[in-house]
Amino acid sequence: MKHHEIDYLILGGGCSALSFATELIKNNIYDHTFLIVEQRKKYEDDRSWCFWQNNNDIESKLISKSWKTSSFSLKGNQITHNSNNYYYHYIRSIDFYLHAKSIIKKSVNVNLALGEKVLKISNLNNKYLVYTNKKIYIANNILDTRPKKNIYVKSPFLFQSFLGYEIIANNNRFDSTAAYIMESMRYEKNNFLFDYILPIKKNRFLVEVTFFSKSKITSKKLDKILLKSLITNKFKNYKIIRKEYGVIPMGFINKNTYFKNNKYFYAGSIGGAVRPSSGYAFLRIQEWAKKSAINLKENGKPISHPKENIIVYFLDRIFLGVLEKNLSSAPLIFFIFLKRINSKSFFRFMIGVPTLLDYLKVVLSMPKKYFLNKIN
Ligand SMILES: Cc1cc2nc3c(=O)[nH]c(=O)nc-3n(C[C@H](O)[C@H](O)[C@H](O)COP(=O)(O)OP(=O)(O)OC[C@H]3O[C@@H](n4cnc5c(N)ncnc54)[C@H](O)[C@@H]3O)c2cc1C
């Protein structure tokens with residue numbers, strides 16, 4: 001079998017690989033060859049990427065909807081956070097995939113091979129021999145973005161499992177200017193759960209049910225609960241047009257799981273892009289992709305996901321630890337925190353750029369009963 005030689009072989013062609021590829025092309029990096037090998041034969045609209053962002057930083061034309069208000073509720077009591085500076089934005093994955101594909105198609109040195117599953121990797125004279133179901137590659141460097149199991153430290157750790165339906169429906173309960181991030185927070189049968197409702201257009205909604213729990217929840221189990229939520233939330237005569245299911249590990253990666261050398265890099269979820277306390281990763285992946293492409297251009301190597309801001313790391317560890325130990329009180333913990341914190345500090349904390357004052361406000365907003373134990 002013929003061997004194909006590549007400077008950078010990128011394993012997996014999801015969010016992080018495609019974000020990196022578009023940044024390489026944007027930065028006119030021509031002096032290496034890049035190939036993404038992706039097991040899927042075709043991209044589908046398999047997820048909705050949402051994130052808070054400072055409106056001054058927005059550059060993506062792919063955003064299909066933005067909400068000024070973020071809403072949360074517990075037993076019918078609603079809390080909203082608003083700011084003219086920070087909106088909640090929504091990107092359809094299919095728009096993102098097709099946009100990246102069209103940019104890659106025009107590139108001479110960045111390529112994408114769909115329908116190729118990586119089966120085995122071995123070392124060969126300081127290079128890598130990568131076997132897929134179709135070809136064998138010799139790679140000088142590897143950027144690995146394939147999700148991996150069992151890479152997280154045991155505690156604090158929770159799974160975030162969710163199932164969503166995009167529906168066409170009649171509903172006059174949810175205001176189209178608000179994103180309902182944690183609606184009807186509740187604790188049922190050893191799980192903390194809530195509804196996530198995005199009014200996308202008139203009569204079109206994304207409705208999800210999300211669990212934070214110690215083990216993964218199957219889509220079958222979530223399906224039953226989601227159907228109940230649709231009724232409780234008064235969605236009438238609905239028609240399901242799309243489904244999305246996901247399980248996001250919320251935890252801290254055990255760094256010993258990585259190969260330690262300067263030719264094998266990790267990115268995306270496996271590289272530590274997922275924010276442990278919230279499961280958000282999209283914006284963090286975009287930031288990594290930008291920095292990594294620039295580093296490659298200026299210093300000859302990409303970078304792995306940057307180390308966490310120490311304040312954010314500290315707060316996330318405490319927050320996740322408290323949730324893990326007090327899951328039955330999670331609805332109240334979130335409610336008290338969201339009620340006390342001011343909107344700007346909340347948004348900056350969620351984006352991962354809190355100031356020192358925000359840090360103080362976040363700590364002071366946490367319900368003392370649960371958090372003092374953790375901090376001492
Ligand atoms: C349904 C869903 C919704 C999400 N919503 C949000 C959100 O709203 N906001 C947010 O910030 N984050 C969200 N996330 C979390 C995170 O942003 C995404 O998971 C994101 O796609 C992670 O990017 P990634 O590159 O690490 O992984 P992926 O995008 O999953 O890419 C990994 C790729 O590797 C491929 N692959 C795996 N094994 C192989 C193999 N052996 N050979 C070849 N290819 C392989 C997979 O097919 C996949 O395409 C969501 C996650 C899911 C699952």
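A. Region of the structure containing the domain arrangement of the chain. Taken as a whole, the chain is organised into domain 1 (3-46 + 91-149 + 254-299), domain 2 (152-250) and domain 3 (310-375). Centre-to-centre separation of domain 1 and domain 2, based on C-alpha positions: 30 Å. The interface of domain 1 with domain 2 comprises 11 residues on the first partner and 11 residues on the second. With a closest N to O distance of 2.6 Å, Arg92 and Glu166 form a salt bridge. In this assembly, domain 1 and domain 2 are joined by 3 residue pairs in polar contact (both at pLDDT 80 or more). Grouping the amino acids of the side of domain 1 that touches domain 2 by side-chain chemistry returns 3 nonpolar, 5 polar and 3 charged.

B. Representation of the site of the ligand. Inspection of the region around the ligand gives 31 residues, with Ser16, Glu38, Arg40, Ser269 and Ala281 positioned closest. Between an oxygen atom of the ligand and a main-chain N or O atom of Cys50, the distance comes to 2.8 Å. The fraction of the free accessible surface of the ligand (970 Å²) that becomes covered by protein chains is 89%. For the shell around the ligand, the secondary-structure elements that each account for two or more residues are α1 (15-26), β2 (34-38), β3 (48-54), β16 (236-253) and α4 (282-299).

C. Inspection of the nonpolar core at higher detail. The biggest cluster of nonpolar side chains holds 47 residues, and the ones touching the most others in it are Tyr88, Met185, Phe192, Phe334, Phe337 and Phe346. The greatest single-element share of this core, amounting to 7 residues, is contributed by helix α5 (residues 310-325). Split by domain, the residues of this core number at least three in each of domain 2 (152-250) and domain 3 (310-375). With residues near it in sequence (within four places) discarded, Phe337 still touches Phe319, Phe346, Phe349, Val362, Ser365 and Met366.

D. Focus on the packing of helix α6 (residues 330-340) against helix α8 (residues 356-365). Between α6 and α8, whose axes approach to 8 Å, the crossing angle comes to 135 degrees. Considering the angle they form, α6 stands oblique to α8. Handedness of the crossing formed by α6 with α8: right-handed. Residues Ile336, Phe337 and Arg340 of α6 form the contact with α8, whose participating residues are Val362, Leu364 and Ser365. The residue makeup of the contact of α6 with α8, split by class, is 4 nonpolar, 1 polar and 1 charged.

How each quantity is defined
- Residues numbered from 1 in each chain as written.
- Predicted model: local features only at pLDDT ≥ 70, side-chain atom pairs only at ≥ 80, totals over all residues.
- Heavy atoms only, no water.
- Domains from an automatic or database assignment.
- Contact = heavy atoms within 4.5 Å.
- Salt bridge = Lys/Arg side-chain N within 4 Å of Asp/Glu carboxyl O.
- Polar contact = N/O pair within 3.5 Å; in protein donor to acceptor, adjacent residues only side chain to side chain.
- Nonpolar A, V, L, I, M, F, W, Y, C, P; charged D, E, K, R; others polar.
- Near = heavy atom within 4 Å.
- Areas by Shrake-Rupley, 256 points an atom, 1.4 Å probe, with all protein chains shown as cover.
- Helix = DSSP H or I, 4+ residues; strand = E, 2+ residues; numbered from the N terminus.
- Core = buried A, V, L, I, M, F, W, Y, C linked by side-chain atoms within 4.5 Å.
- Buried < 20%, exposed > 50% of the residue type's maximum accessible area, 1.4 Å probe, protein only.
- Axes fitted to C-alpha atoms, helices over the stretch in contact; angles between N-to-C directions.
- Parallel < 35°, antiparallel > 145°, perpendicular 65-115°, else oblique.
- Left-handed = near helix turned anticlockwise from the far one by under 90°.

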